[in-house]
Amino acid sequence: MLADRPRALDARWRERDLAVLWHPCTQMREHPDVLPLVPIERGEGAWLHGYDGRRYLDGVSSWWTNLHGHAEPRIAEAIARQARSLEQVILAGFSHAPAIELAERLLAIAPRQPGRAPLSRVFYADNGSAGVEVALKMAFHWFRNRGEEQRTRFIALENGYHGETLGALAVGDIPLYRRVYAPLLAEALFAPSPDAYMALPGESDEQCALRAADALADLFDQHPGEICALILEPRLQCAGGMRMHHPAYLRRARELCDANGVFLIADEIATGFGRTGTMFACEQAGIAPDLMCLSKGLTGGFLPLAAVLASETIYEGFLDDSRERAFLHSHSYTGNPLACAAALASLGIFGSDGVLERNHATAARMATLAAQVGAGRHVADVRQAGMVVAFELARDGVRETPFDASLRIGLHAYRAALERGVLLRPLGDILYWMPPYCIDEGQLQLLAETTAAAIAEATACA
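Predicted, not measured: the structure shown is a model, and the values here were computed from it.

Colleague: Account for the sheet that holds strand β14 (residues 388-393), naming residues and giving values.
Modeller: Read across the open sheet, the 3 strands follow the order β13-β14-β16; overall the sheet is antiparallel. The open sheet has two free edges, formed respectively by β13 (379-385) and β16 (430-433), since each of these has just one partner strand. Adjacent strand axes in the sheet meet at a mean angle of 15°, parallel and antiparallel pairs treated alike. In this fold helix α12 (residues 355-374) packs onto β13, β14 and β16, with an angle of close to 175° to the strand it touches most, β13.

What follows is the structure, encoded as structure tokens:
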């Protein structure tokens, strides 16, 4: 009788959910039969605990947001402490300590490049897409203020993703998300992705990246004086299938932006805060952007917050007696004290726990386990950038023979993993690991064993 209670409780929450909620990135018609709905009661470390009495290893950091583990007590206490003194205040004409201190900390750890002035200003927003909107508007408006009204275009990368709001969607190149809304979107220019998976036979990752950089240079040449900014995800195109590129592309992109008087926007929303092995992915190329977008892991996964770091040159371009030349973009919860307090606590953990150093050891262990999973019959490619590992699934492990899309291999693997107590949310037929940094050896073993079993089950009849 007691054993039935969690099952009944889980069923009640699922019923109530499906009566009122509309879930993100979901075809709701697939609930509950095709796509399992899992109501979660609480989280602890790398685990999510469901109302069904089961626990699930969070192999994707709850959409790449969670860094140090669920319900991390130091972040939770920082939020509670802040809530007892100031929960929210308008940031137009007012200020508060958490927003100031967080801006100082972010600027202190931002990527640096010899000979280039450091990023020096922080503008807060509510989420990653909103942060991208801020950066795009800043780049466009800066040139407008200078009288260069012909600079209205952005260059983005093929297969890139920057969010779901209309401005962010306009510089994204994933048809599933943008095709329907295309009539509403500004027209961006798309340069070939430096994705190493697309390397020609005999071509190294670096050579592939430099070939793509040559195409980027051609695009600049074709549109002289029209471009205000290049936006890209450094080192890792996440939503595009965890596709990775050599840092040489970033170095060449920085040079091309400088040569053409164009701003470089680094979307480090998913790649920042240690995900790819360094605090920020730009560091691996030794470059600094003009604008850098941060979110997701910024608060350790506790609260929504975004920050756009800008150069002093961009900031000064809006100083004027005219309000129209000011940057009037705003969000009601800009610089929310609770979210800033969470972010400060998360950054504190990086220092006190030696997170980046520990991540290097964890990433090495992930590489060993990933190689074992990658030896399976249907894994065509295994790629890794720090704490991110991706498995490209294809028929008989041959890249040129992907599975029929109607088979939905990734979905079957997701369900198989969930049955084994591991959350692996696929990107099409690509499975990936992006776990919280607190993951331990036993959990890594479970992650690897479950991934291998899920792939075997999903592809058994393909």
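Moving on from the model shown.
Colleague: I'd like a description of the packing of helix α8 (residues 205-222) against helix α9 (residues 248-259), backed by residues and values.
Modeller: Direction vectors running N to C along α8 and α9 enclose 20°, while the axes themselves pass 8 Å from each other. Considering the angle they form, α8 stands roughly parallel to α9. By crossing handedness, the relation of α8 to α9 is classed as right-handed. Taking contact as the criterion, the partners of E206, A209, L210, A212, A213, L216, A217 and F220 in α8 are, on α9, A248, Y249, R252, A253, L256 and C257. The class makeup of the residues in the contact of α8 with α9 is 12 nonpolar, no polar and 2 charged.

Colleague: Please give an account of the nonpolar core that cites residues and values.
Modeller: One recurring pattern in soluble globular proteins is that nonpolar side chains are buried together. In terms of nonpolar packing, the biggest core is built from 87 residues, with F273 and W433 touching the most fellow members. Sorting elements by how many residues they give to this core places helix α11 (residues 337-353) first, with 10 residues. In this structure, F154, A188, C228 and F327 belong to the second largest nonpolar core, which totals 30 residues.

Colleague: Give a description of the pattern of salt bridges that names residues and reports values.
Modeller: Under the defined criterion, the tally for this structure stands at 27 salt bridges. Of the charged contacts, one joins D10 and R14 as a salt bridge, the two residues approaching to 2.9 Å between their closest N and O atoms. Remark: R14 and D10 occur in helix α1 (residues 4-20); sequence separation between them is 4 residues, near one turn of the helix. Across the pair D396 and R377 runs a salt bridge, and its minimum N-O distance is 2.9 Å. Of this pair, D396 sits in the loop between β14 and α13 (409-419) while R377 sits in the loop between α12 and β13, and the two are 19 residues apart along the sequence. Sharing partners across several salt bridges, the network here consists of D195, R243, D381, R383, E392 and R399.

Colleague: Any details on the packing of aromatic side chains? Residues and values, ideally.
Modeller: Geometrically, a pair of aromatic rings is defined through the distance of the ring centres and the angle of the planes. Tallied over the full model, the rule gives 11 aromatic pairs. Each ring, one from W64 and one from Y432, has its centre 6.2 Å from the other, and the planes form 75°; the classification is edge-to-face. Highlighted residues: W64 in helix α2 (residues 61-64) and Y432 in strand β16, separated in sequence by 368 residues. Residues W64 and Y432 agree in their burial class; the two are buried. A centroid spacing of 5.4 Å and a plane angle of 65° characterise the contact between F273 and F280, whose relative ring orientation is edge-to-face. Above the face of the Y315 ring, R121 is positioned so that its terminal group lies 3.8 Å from the ring centre.

Colleague: Hey, could you go over helix α4 (residues 97-109) for me, with residue numbers and the actual values?
Modeller: The periodicity of an α-helix, 3.6 residues per turn, causes residues three or four places apart in sequence to face the same way. Between its terminal C-alpha atoms α4 stretches 19 Å, which fits the 18 Å expected from 13 residues at 1.5 Å a residue. Contact partners of the buried residues in α4: α3 (73-83), β4 (119-125), β11 (291-294), β12 (306-311) and α11.

Colleague: Kindly report on a nonpolar patch on the surface, identifying the contributing residues and their values.
Modeller: There is a patch of nonpolar side chains on the surface, built from L166, V180, Y181 and L184 and spanning about 420 Å² of accessible area. With respect to the element layout, L184 can be found in the loop between α7 (175-178) and β6 (189-191).

Colleague: Could you give me a rundown of helix α5 (residues 128-145), with the residues and numbers involved?
Modeller: Here α5 is 18 residues long and its end C-alpha atoms lie 26 Å apart, about the 26 Å a rise of 1.5 Å per residue gives. With 15 of 18 residues buried, α5 lies mostly within the body of the structure. Its side-chain oxygen placed 3.1 Å from the backbone nitrogen of S129, N127 serves as the N-cap of α5. In the segment just after α5, G147 is the residue with positive phi, at about 85°.

Colleague: How would you summarise the environment of Q237 if you had to cite specific residues and measurements?
Modeller: Looking at the secondary structure, you find Q237 in strand β8 (residues 236-237). Non-local contacts of Q237, meaning those with residues more than four positions away in its chain, are made with L157, E158, N159, G160, S193, M242 and R243.

Colleague: Which residues make up the environment of A285, and what are the values?
Modeller: The residue A285 is located in the loop between β10 (263-267) and β11 in this model. Each C-alpha atom of the pair A285 and G50 lies 42 Å from the other, and the pair is 235 residues apart in sequence. Residues within four places of A285 in sequence aside, it is in contact with P247, L250 and R251.

Colleague: Residue-level account of the pairing of β10, with values.
Modeller: Counting buried positions along β10 gives 5 out of 5 residues, so the element sits mostly inside the fold. Two elements, strand β7 (residues 227-232) and β10, share 4 bridges in a ladder whose sense is parallel. Paired with A229 across the strands is F263, a residue of β10. Here β10 runs beside β11; their pairing, made up of 3 bridges, is parallel. Bridge pairing in β11 places I265 opposite L291.

Colleague: Please give an account of unusual backbone geometry that cites residues and values.
Modeller: Cis geometry marks the peptide bond from H31 to P32, where omega comes out at -5°. Inspection of the secondary structure assignment puts P32 in the loop between α1 and β1 (40-44). Positive phi values are uncommon outside glycine, yet M242 reaches one of about 50°. You can call M242 buried: its relative accessible area is 0%. Here the phi dihedral of F273 falls at roughly 60°; this positive angle occurs in a residue that is not glycine. In this structure, F273 sits in the loop between β10 and β11.

Conventions used here
Residues numbered from 1 in each chain as written. Predicted model: local features only at pLDDT ≥ 70, side-chain atom pairs only at ≥ 80, totals over all residues. Heavy atoms only, no water. Pairing = 2+ DSSP bridges. Helix = DSSP H or I, 4+ residues; strand = E, 2+ residues; numbered from the N terminus. Axes fitted to C-alpha atoms, helices over the stretch in contact; angles between N-to-C directions. Contact = heavy atoms within 4.5 Å. Parallel < 35°, antiparallel > 145°, perpendicular 65-115°, else oblique. Left-handed = near helix turned anticlockwise from the far one by under 90°. Nonpolar A, V, L, I, M, F, W, Y, C, P; charged D, E, K, R; others polar. Core = buried A, V, L, I, M, F, W, Y, C linked by side-chain atoms within 4.5 Å. Buried < 20%, exposed > 50% of the residue type's maximum accessible area, 1.4 Å probe, protein only. Salt bridge = Lys/Arg side-chain N within 4 Å of Asp/Glu carboxyl O. Phe/Tyr/Trp six-rings, centres within 6.5 Å; stacked < 30°, edge-to-face > 60°. Lys NZ or Arg CZ within 6 Å of the ring centre and 35° of its normal. Expected span 1.5 Å × (residues − 1). Patch = residues over 30% accessible without salt bridge, like charges linked within 9 Å, V, L, I, M, F, W, Y side chains within 5 Å. Areas by Shrake-Rupley, 256 points an atom, 1.4 Å probe, with all protein chains shown as cover. Polar contact = N/O pair within 3.5 Å; in protein donor to acceptor, adjacent residues only side chain to side chain.

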